[in-house]
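Tertiary structure, described
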Amino acid sequence: DEQPFEMAGPIPIQQLQSKGVSAGDIKKLMEGGVHTVEALAHKSKKELCEIKGISDNKVEKLQQIAWTFVPMGFTTATVIAENMLEKIMITTGVKELDAILEGGLETGSLTEIYGEYRCGKTQFCHT
């Protein structure tokens, strides 16, 4: 399942022209407040049909094209559970803190440390 573009960030709605969407339809979408392919993919049919000049059938076609750019799949709980089994935890060196953090600090994610003034947040980060 290849993505048509290797871009970071939102995909401008104008990219749909490469898939055969007319400039007029793109202009109508932009006038209706849809400026990215992601916005088109995630908006409801009802919202898109309210845009002047965009019919029910056209919405169907436009969303089908947008979904080729934006993955809209469903992830089952089983897949998420399997991914969680593969995560790597880094111990803090303090059993009690590791217990609170459910095993330590998770690699590949952010852990926010917050607390009162002078409670050891910076010291924790430097150790």
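As a reminder, the structure under discussion sits directly above these lines.
The structure displayed is predicted, hence computed values, not measured ones.

Before going further, it helps to spend a moment on the overall build of the protein. Broken down by element type, the protein carries 7 helices and 2 strands. When the helices and strands of the protein are placed in sequence order, the string is α-α-α-α-α-β-α-β-α. Here the C-alpha atoms of the protein give a radius of gyration of 23 Å, more than 25% beyond the 14 Å that 2.2 N^0.38 yields for 127 residues. C-alpha atoms of the protein, sized along the principal axes, occupy 60 × 35 × 25 Å. Counting over 127 residues, the protein shows a buried share of 17%.

A few words on helix α1 (residues 23-31). By the burial criterion, the buried members of α1 are Asp 25, Ile 26 and Leu 29. The arc that holds every buried residue of α1, seen down its axis, measures 100°, which confines them to one face. Exposed and oriented more than 90 degrees from the buried face of α1 are Lys 27 and Glu 31. Residues of α1 that are buried in the fold lie against α2 (37-42), α3 (45-49) and α4 (56-69). Just past α1, the residue Gly 33 takes up positive phi, approximately 90°.

Moving on to the side chain of Gln 63. Following the sequence through the fold, Gln 63 ends up in helix α4. Looking at Gln 63, the relative accessible area reads 5%, which means it is buried. Excluding residues within four positions of it along the chain, Gln 63 makes contact with Leu 40, Ala 41, Lys 43, Lys 45 and Leu 48.

The next subject is the pattern of salt bridges. As enumerated under the stated definition, the model contains 4 salt bridges in all. For Glu 31, the salt bridge goes to Lys 27, with nearest N and O atoms at 4.0 Å. With Glu 31 and Lys 27 both in helix α1, this residue pair falls 4 residues apart, about one helical turn. Glu 31 sits in the exposed class, given a relative accessible area of 60%. Here Lys 87 makes a salt bridge to Glu 106, at a shortest N to O gap of 3.7 Å. With Lys 87 in the loop between α5 (77-85) and β1 (89-90) and Glu 106 in strand β2 (residues 105-106), the pair connects residues that are 19 residues apart, well separated along the chain.

Parameters and conventions
- Residues numbered from 1 in each chain as written.
- Predicted model: local features only at pLDDT ≥ 70, side-chain atom pairs only at ≥ 80, totals over all residues.
- Heavy atoms only, no water.
- Helix = DSSP H or I, 4+ residues; strand = E, 2+ residues; numbered from the N terminus.
- Rg over C-alpha atoms; globule rule 2.2 N^0.38 Å.
- Buried < 20%, exposed > 50% of the residue type's maximum accessible area, 1.4 Å probe, protein only.
- Arc of directions from axis to C-beta.
- Contact = heavy atoms within 4.5 Å.
- Salt bridge = Lys/Arg side-chain N within 4 Å of Asp/Glu carboxyl O.

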